[in-house]
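Structure at a glance
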Amino acid sequence: MSIKRSLATSTISGFALSATLILTFLNVLLQNLPTSVSRAGDALLQLNSQEGVANVVTTVVVYFRGFDTLGEIAVLFIASLGLGLMLGSNSKCDIKAESNFMLKTASTILFPIIMLYGMYVMIYGHLSPGGGFQGGVIIASAVLLLLISHKEFEVPHSLIVLLETLAGVSYVLIGLIGLFTLDIFLGNFLPHDISQMGMLLSGGIIPIIYIIVGIKVGSEMSMITQNLIKRGENV
Amino acid sequence: MIGFIVLATFIGIIIVSFAAIIQPKLSDSIILFMGVGLGSVVLFFVFGAPDVALTEAVIGAGISSLIFLMALKHLKAQK
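From a predicted model like this one, the values you see are computed outputs, not experimental measurements.

Observations regarding the overall build of chain A
In terms of helices and strands, chain A carries eight helices and zero strands. Sequence-ordered secondary structure for chain A, helices as α and strands as β, is α-α-α-α-α-α-α-α. Within chain A, the fraction of its 235 residues that count as buried is 31%. In chain A, the share of contacts with a sequence separation of at least 24, taken over all contacts with a separation of at least 6, comes to 73%.

Section: helix α7 (residues 157-182) of chain A
Residues and elements named next belong to chain A. Taking 1.5 Å of rise per residue, 26 residues should cover 38 Å, and α7 covers 37 Å from first to last C-alpha, within 8% of that figure. Regarding α7, the residues found buried are Glu164, Ala167, Tyr171, Ile174 and Gly178. Two residues or fewer after α7 comes Asp183, characterised by a positive phi angle close to 65 degrees.

A short note on the packing of helix α2 (residues 26-46) of chain B against helix α3 (residues 50-78) of chain B
Residue and element names in this part refer to chain B. Two numbers describe how α2 lies on α3: the axes approach to 8 Å, and their chain directions differ by 175 degrees. Regarding the angle of α2 to α3, the classification is roughly antiparallel. Seen from α2, the contacting residues are Leu26, Ser27, Ile30, Phe33, Met34, Gly37, Leu38, Ser40, Val41, Phe44 and Phe45; seen from α3, they are Pro50, Val52, Ala53, Glu56, Ala57, Gly60, Ala61, Ser65, Phe68, Leu69 and Leu72. Here the residues of the contact of α2 with α3 sort into 16 nonpolar, five polar and one charged.

Overview of the environment of A:Thr24
Residues and elements named next belong to chain A. Within the secondary structure, Thr24 sits in helix α1 (residues 2-31). With 10 C-beta atoms counted inside 10 Å, the residue Thr24 sits in the exposed group. Expressed as a C-alpha distance, the spacing of Thr24 and Asn188, which sit 164 residues apart in the sequence, is 41 Å.

Observations concerning the nonpolar core
Core analysis: the largest hydrophobic core is formed by 39 residues, its most contacted members being A:Val137, A:Val143, A:Ile206, A:Ile209, A:Tyr210, A:Ile212 and A:Val213. Of all the secondary structure elements, the ones that give two or more residues to this core are α3 (56-64), α5 (101-123), α6 (132-149), α7 and α8 (206-233) of chain A together with α3 of chain B. Counting residues per element, this core draws most heavily on α8(A), at twelve residues. With sequence-adjacent residues up to four places away left out, A:Val213 is seen in contact with A:Thr69, A:Ile73, A:Gly132 and A:Phe133.

Conventions and cut-offs
- Residues numbered from 1 in each chain as written.
- Chains lettered and ligands numbered in written order.
- Predicted model: local features only at pLDDT ≥ 70, side-chain atom pairs only at ≥ 80, totals over all residues.
- Helix = DSSP H or I, 4+ residues; strand = E, 2+ residues; numbered from the N terminus.
- Buried ≥ 20, exposed ≤ 12 C-beta atoms within 10 Å, placed from the backbone.
- Contact = placed C-beta atoms within 7 Å.
- Expected span 1.5 Å × (residues − 1).
- Axes fitted to C-alpha atoms, helices over the stretch in contact; angles between N-to-C directions.
- Parallel < 35°, antiparallel > 145°, perpendicular 65-115°, else oblique.
- Nonpolar A, V, L, I, M, F, W, Y, C, P; charged D, E, K, R; others polar.
- Core = buried A, V, L, I, M, F, W, Y, C linked by C-beta atoms within 7 Å.

As structure tokens, this is what we get:
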């Protein structure tokens, strides 16, 4: 009885507290209404040409919001870690069913093509639509094709660990080098002349960071798909 | 012409998503859900967002449907 009553009391007081906070916030917001509409996006897009990157979206994702991208990668890493902890097991799966002959033949032909396309999307992320996230997931889908067609295939775990660690560390290192040279975290310290816009070697650190993001996303998504598929066989 | 494409895609998305709801088998629903993602890829591309279109094609129609199918397999294995 007393527990119920204390629960009700704390719920009511919590509601009252949040209502007070919301009302205070609304009051502050209404008293300081902006007189003119300010657009942060337009000012950022004006700055885009300084970086010498042809794709505006890449500049926003990797440079202006580079720290957010670091956080997104951390979120993906935590998701992969949790899935590996919950589903990853050392026991080898013993599948009796052999996969289809057509699937096997087609996957050996298609795997290099999909892999090449993923790398193209990753490397040309600053020139054409696409980038690290998309390219990484395309590479993971190529790995998925091998996983469902060849039952003896397994993603090499030590290689994935090495790639992912190197990618994560080098992202932070590039950001710290920018912090020490230009006083900006992820500052563009490499030459990024506007006359080079549209070339493969342009934009300073932006294509390098997008390739790093692609390697990290590709390895994490490959591990996620392997954990899901291999675990599915030996439940 | 573009208006016709957009209209047809909208109607197609509505029909496919309704069909995905009323399917009795869950695996058919997941395949139709991939169709919804494909329609939104066309919409994103027509409205001038090729980056988002590529992301939606890879993640929304590809990997997330795979994860749904795997979850369905786990559910069937536990029964």
